[in-house]
Each structure stands twice: as structure tokens, then as C-alpha cells.
Amino acid sequence: MTSIQRQLNHLFMFWKWKRRVDVCLYPGAGFFCRKVSSTAVEPDATEIHKSKLFLWFSHLPQEEKQFGGYFSPETMHVDPLILERKPEEKAGLLISPLKIQASSSHSVTVEQLLEMNEDRREDRGLNVLLYGAVGTGKSTIVRKLVLDWCAGTTLTDFKLLIPFSCEDLGELTKVASLRDLVSRKYLHLKKNPLLSGEGNQAKDVLFLFNGMEKMKLDFRIGSTELCSDPNEPLPAGAVVVNLLRKYLLPEANVLVTTRLSALDRIPPKYVSRYAQICGFNDPNRQRAYFTSRLLQQSGEIVPARDAQALIELLYLNLQRESQLAAACFLPSYCWLTCATLHFLHFTDATAPIRTLTGIYTSFLRLNFGGEVLGKATAASGPSQDLQSSLMLYVVRTVGKLAYEGVTYKRTSFSEEELEQWIGGKTKTDEELRQLAVFRTDVLDFFLAPCVESCKHLPTELCEHDERRYVFAVPAMQEYLAALYVVLGENKSALEKLTKQVSVAIGQATEDVSAIVNIFSKFIPLRIFAVFNLLKLFPKLYDKISTRNKGNIARTMAAELFRKEDSYNEDVLDQVEQSLLGVHGPPSKQQSESQPFELYPIFMGGLLHYGNRVLLQQLGCSIQSATVAQITRALRKYLVREINKPQPPEELMDLLVLLYEFQNPRLTAEVLASIRSIRLHNIRMTSLKCFVLSSVLSCAPPSYQLEELDLSSCLLTRDMLHTLSPAFRHTRNLKLCDNPLLDSGACLLLEALPENQSLRNLSLMHTGLGDQGAIELAERLQQHSGLQELNVAYNNIGDNAALALVDVCREHPSIHTVHLYLNPLSDVGKQSLYVRGIPKSLNGSGRRVRVLAAVTEGSDLSEDWHPILSVIRENASSWDRDRVMQQLKVFLRDLEWGRQQQQSLWKKLHFRRVEKGIRHTLHMLEKDTAPPSA
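Residues numbered from 1 in each chain as written. Predicted model: local features only at pLDDT ≥ 70, side-chain atom pairs only at ≥ 80, totals over all residues. Heavy atoms only, no water.

Remarks on the pattern of salt bridges
Keep this limit in mind: The salt bridge criterion pairs a side-chain nitrogen of Lys or Arg with a carboxyl oxygen of Asp or Glu, the two atoms within 4 Å. Secondary structure follows DSSP: runs of H or I at least 4 residues long count as helices, runs of E at least 2 residues long count as strands, and numbering of each begins at the N terminus. Per-residue accessibility, obtained with a 1.4 Å probe over protein chains only, is compared with the maximum for each type, and a residue is labelled buried under 20%, exposed over 50%, and partly exposed between these values.
Tallying each qualifying case throughout the model produces 30 salt bridges. In this structure, the salt-bridge partner of Arg259 is Glu371, at a minimum N-O distance of 3.2 Å. Of this pair, Arg259 sits in the loop between β7 (253–258) and β8 (273–279) while Glu371 is found in the loop between α14 (356–368) and α15 (384–388), placing the two residues 112 residues apart along the sequence. Neither Arg259 nor Glu371 differs from the other in exposure class; each is buried. For Arg287, the salt bridge identified is with Glu312, shortest N-O distance 2.3 Å. Linking Arg287 in helix α10 (residues 283–294) with Glu312 in helix α11 (residues 304–319), this pair joins segments that are 25 residues apart in sequence. Assessed through its relative accessible area of 31%, Glu312 is described here as partly exposed. Bridged by salt links that share partners, the residues Glu167, Glu213, Lys214, Arg259 and Glu371 form one connected network.

This is the structure:
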């Protein structure tokens, strides 16, 4: 419990104590009397108001729950830059931190805007207009302001603060007085004397109206009558207008927040001060925000030092004046950055399912939920949905631009292109008005001037030296392009015309059929064929629509498995690099065209029911029938493509797509065609491990993978715990070249008993020591089907290796144990070979191949070839000195064995093996990878 909550609880207990009644009994007189305190007949309405406001405004939006619920408003708030404006410069747009620093305006706080100054009159309160673009933090400032007033840390000069939502007021249809409006929202203030209008008591009241653009205020006398009585019923808009006119409660102070496009709705003569919210103008404010967000969810999930290292990388990227720094100028994009990093790095297997598509959908709902461009009228016709939903307008304009960019592999756009795609072919006055509002309030939210150098742009664009615009974050372009496609906005002219004709004729068919039935006796039969054709158009449209859904699925599969993107890093690494930057020399791939591999993954994620619910709230409807058609077609294309050999990065992207889709049935059907998952050399993270386990958990219990290869994936002990559900689905499990150590190996052994089909387990080069080998030996009997065990290139000594081979010899099915490249003595190697021989022909012991060296005594081992093959394949990634030392030991053993041989044929065989080892040594000395056998 925070200190503020404890103070409010103490206040509430004090009110209850003041209401207690002292009772005196007088038995002799036959009566009793009550002694009631005259100062506490009932609790203080203002203190009740503070406690309830604190509870209401402490409630965090649903989108904040993805951070795990570790945050509170007082700990995660960072004040954005607020500049006081003069009336003549109030509409000046600040689109970059550089312009802010060059501005003549000075920074202020909300408290300073409401302070008493020399020009303020005692009988006339202030009207402060606080404005800003979408995403600058207006609502966050309001919430923090109210909470601080409740706690008594700010605005202490005001005895009463009354916040209103203009969206709520704009929906009211009944007339009500000011006191009725207050009492409807805050019943405990129904009889508050500060709102009576008597004297100048209202000077201690501050009204707060958030989102004034959602109300149509009319200050004309002919439209809004004058009213000075707080008890006179009026429309909600008229009450607000009279408060701002200072005709109603002139002593009261009013704080209004609004967007840029609505500034002129209040005449300047009714505004005392203008102030603009300009967001985070420097990396230090951004860093403070990221620190308050990302450090507080560390602890059991991620150590604080790892979270701090993440923040340092992020801060370095911001200091470079990167495109991310320009995007994080808006606090909303700081939220999106934190949410994405939280998703990438702090994934917890016990937390609710979160997806990248869900984060972006929640981000848009947080900023555009309930937002409209204007009230639609009955005469608006087909454009009614465009007028009512701001998000749908975004999809049809900015989404179209994003789709064209993805189609032609472009990330930057000129001003002329913005005019072409955003402006479109607007004709009516209403469309022009909506476009003007959209450009003023919303366009800068999605598109920002490009701050990157011209070296990544085509030569012809650099020569013109024109200003280029890019999406604030690269993934937003792919998200909006995917939404544009899934919503069906990319239909061809024929498809759109067919739909309109189908709907019109479908409606006309019902009316015409009734008329035809009446006149059927007078109309020749051949004319009926014309009316029967009317019924074909809806069916024709259904066929065309179904084909369009198939095209969407085909596009998703084609974009996901695009050949030119096969050598890019997987999408999750690409998202991380876009936030943390790329450290070190740029790779060749970075100078090439931008890959759009998130585009098909977002399309799949948008079909998930949870995202469709959020989009429905934004006015973007994706029908279930559409989802079913796309899903059926997508399954066919995915199954066809997955049967082809895929690079590990493309396979990881497929797993991410299935995870984002969150459709267990589709996932199970696609997995039925996958028999091996090879993710070697993929940099696995806790999120990727969780994605792999989540996808494989959709498979039926009978499903088995022939091979799960997670070699060289930088797996850690915690990642093994996340991967535990995935291990029970595989026959051959490869975990080579991962720093598991003994602790990781023990954790793996705890998870493996659930897998009764395991045949091959490879723990080569995993840091396994004697303790891990002994633990492994003790648990081998739990896997009766295991046939081959590879623990080569570890730190296993003679005694642990002998104990492991003894257990393998008694095991019912193990036939091969790999122990080469371990610190074994010559005596130990010979003992291992002897232990592998059965004790007796009819005993329980069996012959176990022990691959420990290329020689067995004076003879050449029959297993020399697989040993050298493995060494050659991995020599470039292993410790070169250790490999070379081991190869020299092999050469010494071969030379001694050759000298003991009498057979010329065997001596030639020894020479051939020596030649191969010397060639490998020579390649390692030249620091080049040896050829695989």
C-alpha cells in the first residue's frame, strides 16, 4: 500500500470516529441523553470527494496490465514539456525537439498556469486552455493532476477540483443544471456550498474539462443563452459555455484540454492562458520514462542488472538522434517501446498470453478508442462509417500509404506522395473538413520527418534533397498495411463494384419478386428468366469475395517465405534491433532494401478473436466468416510451403506467425506436416522459447517430432524451464553448443521423463562436468527408449565417464556414447573401450560403442570417421586452441598405433587418417573453417 493510500485510509477512519455518539445514562432520572459533537454531524464532503477521486483515477487502463501490474501512477509518471503560448502563436505546430529548443516560449507546469498573477482579478477566475496533438500525454497529465490534488501535494489553493469527461458530457441528451451535472457524477457534492453561486465561494473551485474537441461548443448568443444560475437546467454544452464566458460562477477557475484542431472553438477573449503539451523533447526525459517502466518489473523474472543494461542500450540509441528518438518525442510511442521491450525480454511463462499484434492493437485503442472525426448524419449515406470512426479513416488513408510502401518495398515518402495518398480525391466540404482535422491532429502521430542520412535512400531521391517522411516506428507501417488488407480495403474496382451491385440487386429482388407474383398471370414466362438473373449477383459476389480471401492467405504465405528475405534475421530480432539499434559495423544486409517480414505475421495476428474485439471498439470490423475463409486458404498454403526446406530464420518466423494467430486448430494442422524443427544458430530468448513451447503445445499427445535441433542457440537454465513442454514431442533432441552447465543439465533431466519416445540426446559442448554426468547416469533408466547419448566436448573426467558407460551398458537400448574431446587420460580411454565390451555372451550386458578417441589401443577405432566429421563441422565455432590440442593428441595416438602395426595395409590406413587430421589442423592455424567430411 502506498503512502498516499495510507493517508486516505487514516482520513476515512477519522471521519468514522467523528461520527461516534457519546451516550450518557442517568438511571436515577429514568432517562438517558445523547451528546453529539456539533462539529461532526456528517463527514466532510470534500474529503470523501478526494478519496473517491483517488480510487477512480488510480485505476489503470486495461493496456497497462501487460506490464504485469507492477506500476502505480505516482511512480511511472514523467512530466512532458509544457510551453506557454501567446494568443498569436497558439496554433504553432512543433514537430521536432530542435524547434522546441529554438522556441521563445518558456517551460511551465500546470500548477504555474493556475497560479495567481498580477492581472488576475479576485472576482474572476482563470480559463486555461491546455492543448496538444494525439499522443502527447494530455489524459496522463489530467490523471496525475487529480491524484496529486487528492494527496494534497499540488493545487492546494483549491478546495474543490471537479473533473469532467467531455466525451461523457457530449453524449448527454437531457438538460441539467450545473449542480445537477456535478451531483450526477459526484453525489457527495450535491449540497456543497462552494457551488451555490453565493458570494465568491466559487473562487476555490477548479473545473477540469478533458477532451473539449468531443463537444460542439457554440459561443454565439443566439445559439447559447446566457445563464448565471447554477440551478437552471441547460444542455451540457451551454453549461460549459457559460462557465467559460464567466457568466456562470465567474470566480471559478476552468482548465480545458483539447487537440490542436479544436483551438478556435473557444474565442480568444475567453481564454486567460494558452499552453501546449510538447511531449518529451530530450533523451533524458525519455530515459526517465523508460527507467520508471522497465526497472520495476525486474526481480524474479529478470535481474535488475539485465534491465538496467537494456535501458542503457536503449538510451544509446536515443542519443544518436535516431528515428526512434524522434518517435519517442511523443510519450505514447515511449509507451509502445516499453510494451514491446517488455514483451521481448520479460516474457513469463506463467503470465497471460501476449502477442506483438495485441500490443499494437492495444496501443491504437489506447490512443483512438471512441475517437470520431465528426457526427454522422442520416443523409451521409455510405460515408457514414468513414465519418464516425477515426481509426477506420486512418486505415483508409495512412493504411493505404503503408500498403503501397510494403508492396513496392519503400519506407519513406515525399510530401507529394503524402498529398496523393492521404488527400485522395476529396470533393465535398465535409470531406475537406475531416481531412483538415485529420492532418492537424493525427497525421503527425503516424508519420514523422526522416532523420536518417540519405545513404539508405535511392540515388534519384537523394539528388532532389526533398524532405522525406517515414512511419514513426517501422513496425507501424507493416501493422497498418496488414490491417488495410485484412479489412478488405485493397479490393479491386471490380470487387467493389460487384459488392455494390450485389447489395442493391439483392435488396431490389425482394420487392420485385412480390410484384412479379402479382403480375405473373399477365407476363410471358420468358421474362421470368430476367428476374432469376437478379438472384445470381449475390452468389457471384460471394464467389469473388471467397477468392479475395484466398488471395489474402496466399499473400501471407508468399511474404512469409519470400526467398530474398531468407537470410535476414528472424522478425523478433529485427524488432529488437529497431528499438535498441545495431551495435558494431553495419552488415551488408542493412544497406539493402527493407524486409517486411512482420507484415504477414501481423495479418495472422489480426485474425485472432481478442484483437478483433479491440478493433471492433475502434470501428474496424473483421467478420468471423472472413476469418474462416482466410484460415482455410492459409492452411493449404502453409502446408505446401513448409514441406520445402526452410532456413532456421524462416522457420522461426513461421512459429511466430502461428503464435500470433492463436488458433490451436490451425496450428495443429500445420504441425502435422512438420517432422523436424531445426533452429540451430538462432539466438533464442525467453520469448522465443515460450513461442516454441506454446506452438508445440497445440499438437495432440500422439504428435512426435523426428528432430528438435536447438544447437548454438545460447540457451540458459531458465530457458530450459520454459522449453520443458516442447521436449516431450521429440525423438532426437540436440542441445549442442549451449552454456547449460551442470545446473542446466539437471533441470533438463527433470523435464525429460515426460518424453518416453526420446531416442537420441545430444549435450555436446554444453559445459557438462562430472556432477552433471553422474546425475545423467542416475536418470538414464527413466528413458527406456534412448539409443544414443552424445556428451562429447565437455569437462567429464575418467571416473564420471566410466560410471556413465557402466550405466549405458546396463541400459536396455543405448548402443552409442560420445565422449571424445573430454579431459580423459590415455588409461581412461582404454578403460572406456574395455567397459563397452559385454561381460559375457549370455549376460545382461551389451556391446556399447564408446566414441572417445580415434584409436583403441594399437588399433584404429572403427568410429574415427564420425568423430572427425563432428569436429570438422564445429571447429569454426568451438574453442580453436582446445580443438587443436585434442587433434594433436589424436596425431600422437595415431603415430604410436602405426608404429605398433606389422600390417602394411593397416599402416596405410593410419596414414590416411593422419593426413585428414593434419589438414584440419592446418586449416585451423590459418583461421579458416575446415571442410566437413
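Quick notes on the sheet that holds strand β11 (residues 468–471)
Applied cut-off: Here, strands pair whenever DSSP counts at least two bridges between them. Fitted lines through C-alpha atoms serve as axes, helices being fitted only where they are in contact, and the angles separating the N-to-C directions of these axes extend from 0 to 180 degrees. Here, residues are in contact when the closest pair of their heavy atoms is within 4.5 Å.
Ordered in space as β9-β11-β10, the three strands form an open sheet in which the pairing is antiparallel. Edge positions in the sheet fall to β9 (412–414) and β10 (447–449), since each of these pairs with one other strand and no more. Sheet twist, expressed as the average angle between the axes of neighbouring strands with direction ignored, equals 40°. Where β9 meets β11, three bridges bridge the pair, whose relative direction is antiparallel. Across the sheet, the residue bridging to Phe413 is Tyr469, located in β11. Taken strand by strand, helix α17 (residues 415–423) contacts β9, β10 and β11, and its axis lies near 90° from that of β9.

Description of the environment of Pro267
Its place among the elements puts Pro267 in the loop between β7 and β8. Taking relative accessible area as the criterion, Pro267 reaches 23% and is therefore assigned partly exposed. On a C-alpha basis, the gap between Pro267 and Leu244 in space is 9.7 Å, while along the polypeptide they are 23 residues apart.

Digging into the state of the cysteines
To keep things clear, this is the line we draw: When two cysteine sulfur atoms lie within 2.5 Å, the pair is treated as a disulfide.
By the definition in use, this model includes zero disulfides. Here Cys689 is not disulfide-linked; the sulfur of Cys713 is the nearest cysteine sulfur, at 8.2 Å.

Here we look at the packing of aromatic side chains
Heads up, the condition is: A pair of Phe, Tyr and Trp rings is counted when the ring centres sit within 6.5 Å of each other, with Trp represented by its six-membered ring. The angle between the planes then sorts it: under 30 degrees is stacked, over 60 is edge-to-face, the rest tilted. Sitting over a ring, as applied to charges here, requires NZ of Lys or CZ of Arg to be within 6 Å of the ring centre and within 35 degrees of the ring normal.
This model, assessed by the stated rule, comprises 21 aromatic pairs. Taking 6.3 Å as the distance between ring centres and 15° as the angle between the ring planes, the aromatic pair formed by Phe207 and Phe209 counts as stacked. Comparing Phe207 with Phe209, the two get one shared label, buried. Where Tyr333 meets Phe363, the ring centres are 5.3 Å apart and the plane angle is 50°; that geometry is what we call tilted. Taken together, the residues Tyr333 in helix α13 (residues 331–345) and Phe363 in helix α14 connect sequence positions 30 residues apart. Residue Tyr333 shares its accessibility class with Phe363, and that shared class is buried. Clustering of aromatic rings is evident, with ring pairs tying together Tyr333, Trp335, Phe363, Phe368, Phe445 and Phe446. Of note, Lys50 hangs over the ring of Trp149, and the distance from its end group to the ring centre comes to 5.0 Å. Looking at Arg287, its charged tip hangs above the ring of Tyr315, at a distance of 4.3 Å from the centre.

Considering the packing of helix α32 (residues 717–727) against helix α33 (residues 741–751)
Formally: When describing relative orientation, an angle under 35 degrees is termed roughly parallel and one over 145 degrees roughly antiparallel, while 65 to 115 degrees is termed roughly perpendicular and anything else oblique. Two helices crossing with the near one rotated counterclockwise from the far one by less than a right angle form a left-handed crossing, whereas a clockwise rotation gives a right-handed crossing.
The contact between α32 and α33 brings their axes to 9 Å, and the two run at 20°. Considered as vectors, α32 and α33 are oriented roughly parallel to each other. α33 is crossed by α32, and the crossing has right-handed handedness. Residues Arg717, Leu720, His721, Ser724 and Phe727 of α32 form the contact with α33, whose own contacting residues are Ser743, Gly744, Leu747, Leu748 and Ala751.

Focus: the sheet that holds β8
On the basis of which strands lie adjacent, the open sheet formed by six strands has the order β3-β8-β4-β7-β6-β5 and mixed pairing. Strands with a single pairing partner mark the edges of an open sheet, and in this sheet they are β3 (81–85) and β5 (160–165). For this sheet, the mean angle separating the axes of adjacent strands, direction not counted, is 20°. Pairing of β5 with strand β6 (residues 205–210), which is carried by six bridges, proceeds in the parallel orientation. Looking across to β6, one finds that Ile162 is bridged to Phe207.

Concerning a nonpolar patch on the surface
Inclusion rule: Patch construction takes residues with relative accessible area above 30% that form no salt bridge. Like charges are linked within 9 Å, and nonpolar side chains (Val, Leu, Ile, Met, Phe, Trp, Tyr) are linked within 5 Å. Here the open area of atoms and residues is found with the Shrake-Rupley method and a 1.4 Å probe, where only the protein chains shown may cover a residue.
A grouping of Ile221, Leu226 and Tyr247 is seen on the molecular surface, where their side chains present a nonpolar patch of about 290 Å² in accessible area. Mapped onto the fold, Tyr247 is located in the loop between α9 (236–245) and β7.

Here's the deal with the nonpolar core
Formally: We call a set of buried residues a nonpolar core when its members are Ala, Val, Leu, Ile, Met, Phe, Trp, Tyr or Cys and they connect through side-chain atoms within 4.5 Å of each other.
Formed by 170 residues in total, the largest nonpolar core has its most connected members in Tyr333, Phe446, Met476, Leu715 and Leu819. At 11 residues, the largest contribution of residues to this core is made by helix α16 (residues 390–407). Setting aside anything within four residues of it in sequence, one finds Phe446 in contact with Tyr333, Leu364, Phe368, Val394, Val398, Val470, Phe471, Ala472, Met476 and Leu480. Membership of the second largest hydrophobic core comes to 69 residues, among which are Phe54, Ile82, Leu130 and Leu147.

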